[in-house]
Amino acid sequence: MTYFAELSSPQVAALASDERVPVLLLPVGAVEPHGPHAPLGTDPLISRGMCERAAARLAGDPGVRVLILPEVPYGVTRFAAGFAGGISIGEETLYALLTEICGALTEQGLTRILLVNNHFEPAHLVVLRRVAEAAGVGFVDLVRRRYSARLTTEFRSGECHAGQYETSLMLADRPDLVDAAVQRDLPPVHVDLARTGVTDFVSAGMTEAYCGTPAQATAEEGEKTFSVLTDILVEAIRELV
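What counts, and where the lines are drawn
The residue numbering used here restarts from 1 in each chain and proceeds along that chain's sequence as written. Predicted model: local features are reported for residues with pLDDT of at least 70 only, side-chain atom pairs are reported and counted for 80 or more only, and whole-chain, interface and lining totals are derived from all residues. Hydrogens and water are ignored here; the side-chain numbers use all heavy atoms of the structure. Here, nonpolar core means buried Ala, Val, Leu, Ile, Met, Phe, Trp, Tyr and Cys residues that are tied together by side-chain atoms lying within 4.5 Å of each other. Three labels apply to residues, based on accessible area from a 1.4 Å probe with only protein chains included: buried if under 20% of the type maximum, exposed if over 50%, partly exposed otherwise in between. By definition, any uninterrupted DSSP run of H or I lasting at least four residues is a helix, any uninterrupted run of E lasting at least two residues is a strand, and each is numbered from the N terminus. Two strands are counted as paired when DSSP detects at least two bridges linking them. Crossovers are described as right-handed under a simple rule: with the strands pointing away from the observer, the path leading from the first strand over the helix to the second runs clockwise. Centres within 6.5 Å make a pair out of two Phe, Tyr or Trp rings, where for Trp the six-membered ring is used; the pair is then stacked when the planes are under 30 degrees apart, edge-to-face when over 60, and tilted otherwise. Only C-alpha atoms enter the line fits that serve as axes; for helices the fit covers just the stretch in contact. Angles between N-to-C directions range over 0 to 180 degrees. Contact between two residues is taken to exist if any of their heavy atoms lie within 4.5 Å; hydrogens are not considered.

### Notes on the nonpolar core
At step 1: In terms of nonpolar packing, the biggest core is built from 61 residues, with Phe-4, Leu-25, Leu-142, Leu-233 and Ile-237 touching the most fellow members.
At step 2: At seven residues, the largest contribution of residues to this core is made by helix α10 (residues 219–240).
At step 3: If you look at the next biggest cluster of nonpolar residues, it comprises 14 residues, including Leu-193, Val-198, Met-206 and Ala-209.

### With respect to the pairing of strand β2 (residues 64–68)
At step 1: Among the five residues that make up β2, five are buried, leaving the element largely enclosed by the rest of the structure.
At step 2: Pairing geometry for strand β1 (residues 21–28) and β2, over five bridges, is parallel. Note that in β2 the partner of Leu-24 across the bridge is Leu-67.
At step 3: Regarding the hand of the β-α-β motif, the stretch spanning β1, helix α2 (residues 42–57) and β2 is right-handed.

### What about the packing of aromatic side chains?
At step 1: On inspection of all chains with the given rule, the structure shows four aromatic pairs.
At step 2: Ring centres of Phe-120 and Phe-155 lie 5.4 Å apart, and the angle between their planes is 90°; on these two criteria the pair is classed as edge-to-face. Of the two residues, Phe-120 sits in the loop between β3 (113–117) and α4 (122–135) while Phe-155 sits in helix α6 (residues 153–157), which places them 35 residues apart along the sequence.
At step 3: Measuring from centroid to centroid gives 4.9 Å for Phe-155 and Tyr-165, while their planes differ by 50°, and the two rings are tilted. Taken together, the residues Phe-155 in helix α6 and Tyr-165 in helix α7 (residues 164–173) connect sequence positions 10 residues apart.

### Brief notes about the sheet that holds β2
At step 1: Read from one edge to the other, the open sheet built from four strands follows the order β2-β1-β3-β4, with strand pairing classed as parallel. Edge positions in the open sheet fall to β2 and β4 (138–140), since each of these has one partner strand only. The sheet shows a mean angle of 25° between the axes of neighbouring strands, direction not considered.
At step 2: Along the sheet, α4 contacts β1, β3 and β4; its crossing angle with β3, the most-contacted strand, is approximately 175°.
At step 3: Together, β1, β2, β3 and β4 form the strand contacts of α10, whose direction differs from that of β3 by roughly 160°.

Below, the structure is given as structure tokens:
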């Protein structure tokens, strides 16, 4: 079994005596608009896809047992204000939720926990870093240079919200949720969301809630990127163990 919530209570209790070290992955993201072509849940879906691939890669490992926790799909997403479908929660709400989840697990001896996030709004990232420090858990912080340098040019440019980078990942993982007919005709939008001063999509020039070049997205690129993301997550799991 890969999913923590599918285990029974006795099976969780038995993890303490398992020869393999249990590592719990907590997928995190945000429900927010991703252009006119991609689903609101793009971020947590990518996080879950990373976790599933890492768990599959380590399925036969004799030293570690990877379990995926139910994802937390809500995050700080004020950039999406004004668009239908965005669900933003406050920083302290997110902080309390994640620290209490991690605390409930660590109290049971399940101390090796990794936050796996694919929502990169700065205020959201600040919360996750606080949670990792306060709860004593790991955080795969993909915007850090040690990781970002391994990802695509668009990701590093900051023009990656529902653009080629994220749309390619969705085409690789859940193509049924991408409106390919719309995606192919979207013009490039050059907005660097990593620059200081950005407060929301509209004022930054993202009138359709995307930036980058989603028309160039392909499932092939998505599979390659997922492979790199899986490498990163597997390395983080091994570091935690």
